[in-house]
Amino acid sequence: MNPIQPREDQFIGALLGCAVGDALGAPLEGRSREEIAKITDLMAGFHPFRSYSAGQFTDDTQQTVAIAQSMVDAGRVDGAAIAREFAKLWESGEIVGQGPVADRAVKRLIAGVPWHEAAETDDLPLNGSAMRVSPVGLWNFDRTDQLAADATISSIVTHQHPLAIAGAIAIATAVAITCTSSEIDANSFLRLTSESVAGHGEEFASHILALRDWLALDETAALEAMVAAGGEESPWAKRRKGFGIPATVEPTVLTSLYAFLKCPDDYPAAVECSIRVGGDVDTTAAITGAISGAHNGVDAIPGHLVASVKDSAAIRDLGARLFAAKFA
C-alpha cells in the first residue's frame, strides 16, 4: 500500500457510503441469505420499511453522524461530546432500530450517569460500536498511535465489552488504511488490521488474519466460517432462520472486511455482497459502505442513491466540515 493524504471526497464518501449501505440494507434486516438471493435488483433503489419512507437509514448511520458532529464541535474524539449527541438522538425520539446494549447505556446517560460509566463491561458483545466508528478512522489516518485510544473512547460510551472495543478498533483501522491507500493489498490490509486489535483480543486478531484463507473459499463456506468465529453460544446464531450474519461483533466485522476485500474498488459490488450475506445486513452494509466510500470517494457511490438517501445534503456537508476540522 502506498500511503497518501485523503481527499475531502473520501471523508464525504465514508459518511454517505455508510448511509447508503444502511438504507439499502434496512428493509432486508433479519432476512436469510436464501430469501435475499431471490432479489435481483438490490442496488436499483431504496425501499420503505416499517413506517419509514424509502431512503431512511437506521441507528448505524445516525450514531456515525452523531460521532462525526461531536468531533467537528470538539475538535477531537471526546467521550462527553459523543454522549451528548447520543442523548439528543434518544431524547428527540429520532433514533431508529437502536440495539439493546446502546439503548441501556444511553438511557443511563440521560439519567445522569457519567459517559465512561454508563455502559457495562459484561453486556453483550454486539456490533454497535463497530458500525459507527468510521469518522474516528478518518480522523486518525495519520496517527496510528492514537487510533486505538480514540476508537476505544467512541466505543465505551455505550459498549464496554472487550470484543466490542476490539471491533471498533478493527473498523477504524480499516478506514484509516483504505483512505490513505491508492491500491489495496489484502494481505497487508489484514495484517495491519489484525495487529491493531491483537492487544484487545488475540482470537479476534487471528480470525481477521484467517480472512486471507477465507477469501479463497466458496462464499458459503467463507460465511459459515465467519459466523462460527462468533461462537456457537451466540443466541443470535441459534435463533436465526436460514443463513445470515448475527448482530455479534466478530462475524459482523469479519463479513464487512470480507465484502470490501472481494471488491475493493467497486462500491456497488462490495455493498451488494455485504447485503446478500443475510442477517444483520443494515450493519454489514453500513460498515462495508463506509470502508469502500473512504477508499473510493463519494463519486464511486451510485448518484441516484446519493441523491435519494435521507439527509444527503446535510451528510455531505458534515463530511466536508469533518475534513476541514481535521486539516484546520
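Our structure's up above, just so we're on the same page.
Described in the following lines is the structure provided in the data block. (Residues numbered from 1 in each chain as written. Predicted model: local features only at pLDDT ≥ 70, side-chain atom pairs only at ≥ 80, totals over all residues. Heavy atoms only, no water.)

## Some details on the packing of helix H1 (residues 8-25) against helix H3 (residues 59-74)
Between H1 and H3, the least distance of the axes is 9 Å, while the angle of their chain directions is 165°. In terms of axis orientation, H1 runs roughly antiparallel to H3. Crossing of H1 against H3: the hand is left-handed. Seen from H1, the contacting residues are Leu15, Cys18, Ala19 and Asp22; seen from H3, they are Asp60, Thr61, Thr64 and Ala68. Considered class by class, the residues forming the contact of H1 with H3 number 4 nonpolar, 2 polar and 2 charged. (Axes fitted to C-alpha atoms, helices over the stretch in contact; angles between N-to-C directions. Helix = DSSP H or I, 4+ residues; strand = E, 2+ residues; numbered from the N terminus. Parallel < 35°, antiparallel > 145°, perpendicular 65-115°, else oblique. Left-handed = near helix turned anticlockwise from the far one by under 90°. Contact = heavy atoms within 4.5 Å. Nonpolar A, V, L, I, M, F, W, Y, C, P; charged D, E, K, R; others polar.)

## Examining H3
The first and last C-alpha atoms of H3 sit 22 Å apart over 16 residues, in line with the 22 Å expected at 1.5 Å per residue. For H3, the buried fraction is high: 12 of the 16 residues fall into the buried class. Buried within H3 are the following residues: Asp59, Asp60, Thr61, Gln62, Gln63, Thr64, Ala66, Ile67, Ala68, Gln69, Ser70 and Met71. The first or second residue beyond H3 is Gly75, which carries a positive phi of 75°. (Expected span 1.5 Å × (residues − 1). Buried < 20%, exposed > 50% of the residue type's maximum accessible area, 1.4 Å probe, protein only.)

## Let's talk about helix H10 (residues 202-214)
In this model H10 runs 18 Å from its N-terminal to its C-terminal C-alpha over 13 residues, within 8% of the 18 Å that 1.5 Å per residue would give. Taken together, the buried positions of H10 are Phe204, Ala205, His207, Ile208, Ala210, Leu211 and Trp214. Along its buried surface, H10 packs onto helix H8 (162-178), helix H9 (186-197), helix H11 (219-228) and helix H13 (249-262).

## Structural notes on the side chain of Thr193
Here Thr193 lies in helix H9. Classification of Thr193 as buried rests on a relative accessible area of 0%. Setting aside anything within four residues of it in sequence, one finds Thr193 in contact with Ala170, Thr173, Ala174, Ile177, Ile208 and Leu257.

## Some words on the packing of aromatic side chains
Under the defined criterion, the tally for this structure stands at 6 aromatic pairs. Look at Phe11 and Phe323: their rings are 5.2 Å apart centre to centre, the planes differ by 85°, and that puts the pair in the edge-to-face class. Taken as a pair, Phe11 in helix H1 and Phe323 in helix H17 (residues 312-326) lie far apart in primary sequence, 312 residues in all. Arranged with centres 5.8 Å apart and planes meeting at 45°, the rings of Phe189 and Phe260 form a pair that is tilted. Linking Phe189 in helix H9 with Phe260 in helix H13, this pair joins segments that are 71 residues apart in sequence. (Phe/Tyr/Trp six-rings, centres within 6.5 Å; stacked < 30°, edge-to-face > 60°.)

## Focus: the nonpolar core
With 99 residues, the main nonpolar core has Phe189, Trp214, Leu257 and Ile275 as its most contacted residues. Excluding residues that lie within four positions of it along the chain, Leu257 makes contacts with Ile171, Ala174, Phe189, Thr193, Ile208, Leu211 and Ile291. (Core = buried A, V, L, I, M, F, W, Y, C linked by side-chain atoms within 4.5 Å.)

## Some points on the environment of Gln63
Here Gln63 lies in helix H3. Along the backbone, Gln63 and Glu85 are 22 residues apart, and their C-alpha atoms lie at a distance of 8.3 Å. Dropping the residues within four chain positions of it, Gln63 is found in contact with Phe86, Leu89, Trp90, Ala102, Met131 and Arg132.

## A closer look at the layout of surface pockets
Reported here for the second largest pocket is a volume of approximately 340 Å³. Together, 17 residues line the second largest pocket, and Gln62, Val65, Leu89, Glu94 and Asp311 are the ones closest to its centre. Of the residues assigned to the lining of the second largest pocket, the class counts are 7 nonpolar, 4 polar and 6 charged. (1 Å grid on protein atoms, 1.4 Å probe; cavity = no way out; pocket = protein on both sides within 12 Å on 5 of 7 lines; lining within 4 Å. Points joined across faces, edges and corners; volume = space filled by probe spheres on them.)

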